[in-house]
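Structural description and commentary
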Amino acid sequence: MKFRREKVGFADLLALSFFLSGYMIDLHPQIVAKGEAGSAVAAEVNNRGVDLYRDGKFHEALGAFIAASEMDGTVWQPHFNCAVALAAMGKLEKALLHLELSMEIDPDNRLSLDFYQDLLNKVNTQEPAFSPAGVQKTPQPGEGSSDRIT
């Protein structure tokens, strides 16, 4: 009998890590599709942040997501992505703030709402923060110091 080897991608590993850590949603940064944002530059900056996050550069990705959210306040993804990056760094309370902003922009977005409820539960039960599987964390300048989060 011959076994076929299936390739497991980054997104699969990340989704599994969140599921195993108590998250029931497929959680990864969201791209902004062309034409979805009022600013093409904001979409490009957000999507660059997604690439940085996938490379394990959480601080750099967070900077890109914050910049994108400041450039265009009409799309929910940059704030959602800030929350994903902050949660990956263990900053759950700050992540909740960005999820609230994401839900203000798109109140019907289930992804933001579900993530918010899951994080709120983690904060209220004081469960330890999670670490996304399949992502190599690159040391960032100033780690451990207080970060400016809008």
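Structural data are supplied above this passage.
Here goes a summary of the coordinates provided.

1. Thoughts on the nonpolar core
Counting residues in hydrophobic clusters, the biggest one holds 27 residues, and the most contacted among them are Tyr-53, Leu-62, Phe-65, Phe-80, Leu-99, Phe-115 and Leu-119. At the level of secondary structure, the elements contributing two or more residues to this core comprise α2 (40-54), α3 (58-71), α4 (77-88), α5 (92-105) and α6 (110-125). Element by element, the count of residues in this core is highest for α4, at eight residues. Ignoring sequence-local partners within four residues, the contact set of Phe-65 consists of Pro-29, Asn-46, Gly-49, Val-50, Tyr-53, Pro-78, Asn-81, Cys-82 and Ala-85.

2. Things to note about the side chain of Asp-72
Its location among the elements puts Asp-72 in the loop between α3 and α4. In this structure Asp-72 is buried but unpaired, with Lys-34 as the nearest side chain of opposite charge at 15 Å. Within the structure, the side chain of Asp-72 is placed 3.1 Å from the backbone nitrogen of Ser-39, a separation counted as a polar contact. If sequence neighbours within four positions are ignored, Asp-72 has contacts with Ala-37, Gly-38, Ser-39 and Ala-42.

3. Points about the pattern of salt bridges
Taken as a whole and judged by the stated rule, the model has one salt bridge. Residue Asp-114 is joined to Arg-110 by a salt bridge in which the shortest nitrogen-to-oxygen separation is 2.7 Å. You can see Asp-114 and its partner Arg-110 sitting in helix α6, four residues apart, about one turn around the helix.

Conventions used here
Residues numbered from 1 in each chain as written. Predicted model: local features only at pLDDT ≥ 70, side-chain atom pairs only at ≥ 80, totals over all residues. Heavy atoms only, no water. Core = buried A, V, L, I, M, F, W, Y, C linked by side-chain atoms within 4.5 Å. Buried < 20%, exposed > 50% of the residue type's maximum accessible area, 1.4 Å probe, protein only. Helix = DSSP H or I, 4+ residues; strand = E, 2+ residues; numbered from the N terminus. Contact = heavy atoms within 4.5 Å. Lys, Arg positive; Asp, Glu negative; His and termini not counted. Salt bridge = Lys/Arg side-chain N within 4 Å of Asp/Glu carboxyl O. Polar contact = N/O pair within 3.5 Å; in protein donor to acceptor, adjacent residues only side chain to side chain.

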